[in-house]
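# Survey of secondary and tertiary structure
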Amino acid sequence: MILVTGGAGFIGANFVLDWLSRGGEPVVNVDKLTYAGNASTLAPLSGDARHIFARVDICEAAALATLFTTHRPRAVVNFAAESHVDRSIRAPGEFVQTNVVGTFTLLEAARTYWSGLDAGEKAAFRFVHVSTDEVFGSLEPDDAPFNEHTPYAPNSPYSASKAASDHFVRAYHHTYGLPTLTTNCSNNYGPYQFPEKLIPLAITRALKGEKLPVYGDGKNVRDWLYVTDHCAAIRTVLERGVVGRTYNIGGWNEKANIDVVHTICGVLDELRPAASGARYARQIEFVTDRPGHDRRYAIDASLIEQELGWRPSETFETGIRKTVAWYLDHAEWVGGVTSGSYREWLDTHYAGSN
Ligand code: NAD
Ligand code: DAU
């Protein structure tokens with residue numbers, strides 16, 4: 001049994017679906033089901049006894065303790081987080097609560113359970129904490145990519161809260177010997193991503209004939225990784241990673257935002273031409289920049305490749321075609337997750353853009 005948190009969100013759900021489709025051990029999936037957690041993503045697992053879903057907040061110590069003693073997991077993979085930078089700018093409190101207090105509470109529950117295991121089980125236990133490249137701050141155009149020795153310099157409430165959680169994980173290994181590993185990954189994209197993030201937002205708005213909001217000059221750079229490549233990297237770290245280490249994970253795929261949006265428009269022109277015959281790129285609109293917007297992220301993923309043999313299998317070109325095709329084929333999923341509160345977010349955040 002493994003215990004996964006945040007397994008109804010974008011990356012966590014992809015991880016759980018992949019894990020079980022590969023014959024992995026049963027999963028207890030701990031998720032609060034915030035606006036970003038969608039039970040419908042896990043519908044393919046309904047009736048599958050290997051998937052136990054627990055609607056639990058990782059800030060609830062007693063509920064976590066019960067889950068550990070009932071299911072006796074051999075590992076924890078912690079995805080649960082508030083994950084959207086723009087929301088962290090508007091309302092940072094929830095980010096401190098889940099990302100910092102929640103990770104701390106989960107670490108405490110894991111430590112208590114782990115302390116009671118026999119020596120063999122203790123040595124085999126793993127706590128994998130899924131973090132982000134945003135903890136390293138922002139790169140200049142000619143800077144070398146982030147590696148595992150890059151100092152932390154978080155710039156948003158989201159990245160500050162993730163950095164704090166990473167420090168707690170490090171401290172629990174150093175102080176108590178809990179067998180932890182931390183991964184710092186670049187931007188993910190692919191199926192089941194909530195349409196508040198750039199790529200699914202652009203696809204879904206393009207299809208509705210709405211404006212495609214690009215912040216600032218559109219030249220901010222992100223390093224894009226297809227989500228199933230990230231899942232494979234986490235499985236690799238869980239099975240073969242050196243306890244106490246951190247591993248950077250990235251796609252070797254640096255792209256400026258404006259180029260990403262143009263690529264999406266081009267794929268849509270091909271796969272689902274607009275009824276009017278107009279090119280989707282005509283919907284692009286430059287809008288007010290994100291406050292404190294990090295200019296560039298890039299990951300040096302050499303360590304995980306050299307030490308553990310992981311490398312991404314998708315290029316941006318193959319991954320983005322799959323992603324656009326997936327959203328075209330899953331209009332029902334999009335309709336299901338874009339509820340009232342999502343509309344409110346769009347109306348507040350993109351006021352004046354339609
Ligand atoms: P997401 O927002 O899509 O999903 C987060 C999930 O966590 C949701 O299912 C939500 O219901 C759940 N959750 C939130 N608060 C909770 C709480 N208090 N208790 C239990 N569950 C809670 O996020 P994602 O994009 O899938 O990201 C997953 C993890 O990966 C996060 O830790 C994020 O920081 C990290 N990460 C994301 C990316 C990316 O590009 N999306 C890149 C690198 C790292
Ligand atoms: O780098 C890893 C991080 O990637 C993860 O830790 C975060 O959880 C994840 O949300 C993502 O953060 P970003 O802020 O990079 O992702 P987002 O999709 O919000 O934005 C990607 C880029 O696109 C960023 O430079 C901001 C820009 N953008 C975003 C939105 C939503 C726009 O230009 N317009 C938009 O409407």
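Before reading further, recall that the structure is shown in the block above.
All values derive from a computational prediction rather than experimental measurement.

### A look at the overall build of the chain
- Within the chain, the secondary structure is distributed over 13 helices and twelve strands.
- Taken along the three principal axes of its C-alpha coordinates, the chain extends 65 × 50 × 40 Å.
- Across the 354 residues that make up the chain, the buried fraction comes to 55%.
- In the structure as shown, the chain presents an accessible area of about 14,400 Å², 52% of it carried by carbon and sulfur atoms.
- Across the chain, the 33 positively charged side chains and the 41 negatively charged ones have centroids separated by 2 Å.

### Some details on the pairing of strand E8 (residues 212–215)
- Covered by surrounding structure in E8 are Leu212 and Val214 together with Pro213 and Tyr215, the residues of both alternating faces.
- The pairing of E8 with strand E12 (residues 284–287) spans four bridges and is parallel. Of the residues in E12, the one forming a bridge with tyrosine 215 is valine 287.

### Topic: helix H6 (residues 157–176)
- In this model H6 runs 28 Å from its N-terminal to its C-terminal C-alpha over 20 residues, within 8% of the 28 Å that 1.5 Å per residue would give.
- For H6, the complete set of buried residues consists of Tyr158, Ser159, Ser161, Lys162, Ala163, Ser165, Asp166, Val169 and Tyr172.
- In the core, the buried residues of H6 are packed alongside helix H3 (85–90), helix H4 (93–115), strand E5 (126–132) and strand E6 (180–185).
- Downstream of H6 by a residue or two, glycine 177 has a phi angle that is positive, lying close to 80°.

### Concerning the site of ligand 2
- Taken together, 25 residues are adjacent to ligand 2, and Asp133, Tyr158, Arg290, His293 and Tyr350 come closest.
- In this structure, serine 83 approaches ligand 2 through a main-chain N or O atom, which is 2.7 Å from an oxygen atom.
- One nitrogen or oxygen atom from the main chain of tyrosine 215 is found 2.8 Å from an oxygen atom belonging to ligand 2.
- In isolation ligand 2 has 690 Å² of accessible area, and contact with the protein removes 95% of it.
- Sorting the residues of the shell around ligand 2 by element identifies H3, helix H7 (198–207) and E8 as the ones contributing at least two each.
- Here the shell around ligand 2 gets three residues from one element, more than from any other, and that element is E8.
- Counted by class, the shell around ligand 2 contains ten nonpolar, eight polar and seven charged residues.

### A few points about the sheet that holds strand E2 (residues 27–30)
- Pairing within the open sheet is parallel, and its seven strands lie in the order E3-E2-E1-E4-E5-E6-E10. In the strand order of this sheet, the two ends are held by strand E3 (51–54) and strand E10 (246–249), each with one partner. Ignoring which end each strand starts from, the neighbouring axes of this sheet average 20° apart.
- Pairing of strand E1 (residues 2–5) with strand E4 (residues 75–78) involves four bridges; the strand directions are parallel. The partner of isoleucine 2 across the bridge, within E4, is alanine 75.
- Against the sheet, H6 engages E5 and E6, with an angle of about 155° to E5.

### Thoughts on unusual backbone geometry
- A positive phi angle, near 60°, is found at leucine 33, a position not held by glycine.
- Positionally, leucine 33 belongs in the loop between E2 and E3.
- What makes leucine 33 buried here is its relative accessible area of 19%.
- The phi torsion at tyrosine 192 lies on the positive side, around 70°, for a residue other than glycine.
- Along the polypeptide, tyrosine 192 turns up in the loop between strand E7 (187–189) and H7.

### Some thoughts on the side chain of serine 88
- Turning to its location among the elements, serine 88 is positioned in helix H3.
- The buried category is assigned to serine 88, whose relative accessible area is 0%.
- Once you skip the residues sitting within four places of it in the chain, serine 88 turns out to touch Phe95, Ser156, Pro157 and Tyr158.

### Overview of the pattern of salt bridges
- Across all of its chains, the model carries 20 salt bridges by this definition.
- Here arginine 290 and aspartate 86 are joined by a salt bridge, their closest N and O atoms 2.7 Å apart. Of this pair, arginine 290 sits in the loop between E12 and helix H10 (302–308) while aspartate 86 sits in helix H3, placing them 204 residues apart in sequence.
- The class for arginine 290 is buried, based on a relative accessible area of 17%.
- For aspartate 86, a relative accessible area of 4% corresponds to the buried category.
- A salt bridge links glutamate 314 to lysine 322; the nearest nitrogen and oxygen atoms lie 2.4 Å apart.
- With a relative accessible area of 16%, glutamate 314 lands in the buried category.
- Residue classification places lysine 322 among the partly exposed positions, given a relative accessible area of 40%.

### A look at H4
- With 23 residues, H4 should reach 33 Å at 1.5 Å per residue; the first-to-last C-alpha distance of 32 Å fits that figure.
- Along its length, H4 reaches its greatest deviation from straightness, about 30°, at glycine 102.

### A short note on the packing of aromatic side chains
- Enumeration over the complete set of coordinates arrives at 20 aromatic pairs.
- Ring centres 6.4 Å apart and planes at 45° place the aromatic pair phenylalanine 146 and tyrosine 297 in the tilted group. Placement of the pair is phenylalanine 146 in the loop between E5 and H6 and tyrosine 297 in the loop between E12 and H10, with a sequence separation of 151 residues.
- Above the ring of tyrosine 176, the side-chain terminus of arginine 111 is found at 3.9 Å from the ring centroid.
- Note that arginine 205 overlies the ring of tyrosine 350, its terminal NZ or CZ placed 5.4 Å from the centroid.

Rules of the game
- Think of each chain on its own: its residues are numbered from 1, step by step along the sequence as written.
- Ligands are numbered from 1 and chains lettered from A, in the order in which they are written.
- Where local features are concerned, this predicted model is filtered to residues with pLDDT of at least 70; where side-chain atom pairs are given and counted, the filter is 80 or more; whole-chain, interface and lining totals use all residues.
- The basis for every side-chain value is the complete set of heavy atoms in the structure, and neither hydrogens nor water enter the calculation.
- A run of DSSP states H or I qualifies as a helix once it reaches four residues; a run of E qualifies as a strand once it reaches two. Both are numbered from the N-terminal end.
- The buried label applies to any residue whose accessible area, calculated with a 1.4 Å probe on protein chains only, is under 20% of its type's maximum; exposed applies above 50%, and partly exposed to all values in between.
- Residue burial considers only the protein chains on display, and all accessible areas are found by Shrake-Rupley using a 1.4 Å probe.
- Counting rule applied: Lys, Arg positive; Asp, Glu negative; His and chain ends not counted.
- Taken as the charge centre is NZ of Lys, CZ of Arg, CG of Asp or CD of Glu, depending on the residue.
- Strands are labelled as partners when DSSP assigns at least two bridges between them.
- In this scheme, a helix's expected span is set at 1.5 Å multiplied by one less than its residue total.
- Any pair of residues with heavy atoms lying within 4.5 Å of one another is described as a contacting pair.
- We call a residue near a molecule or strand as soon as one heavy atom of that residue lies within 4 Å of the molecule or strand.
- Any N or O atom pair separated by 3.5 Å or less is treated as a polar contact, with the protein-specific requirement of one donor-capable and one acceptor-capable atom, and with residues adjacent in sequence counted only for side-chain atom pairs.
- Asp, Glu, Lys and Arg are counted as charged, while Ala, Val, Leu, Ile, Met, Phe, Trp, Tyr, Cys and Pro are counted as nonpolar; the rest, among them Gly, fall into the polar class.
- A fitted line through C-alpha atoms serves as each axis, taken over the contacting stretch for helices, and the angle formed by two N-to-C directions is quoted from 0 to 180°.
- We define a salt bridge as a side-chain nitrogen of Lys or Arg found within 4 Å of a carboxyl oxygen belonging to Asp or Glu.
- In this scheme, the bend at a residue equals the angle between the axes fitted to the seven residues that finish there and the seven that begin there.
- Aromatic rings from Phe, Tyr and Trp, with only the six-membered ring used for Trp, were paired whenever their centres fell within 6.5 Å, and each pair was classed as stacked if the ring planes differed by under 30 degrees, edge-to-face if by over 60, and tilted otherwise.
- For a ring to carry a charge above it, either NZ of a lysine or CZ of an arginine must fall within 6 Å of the ring centroid while also lying within 35 degrees of the normal to the ring plane.

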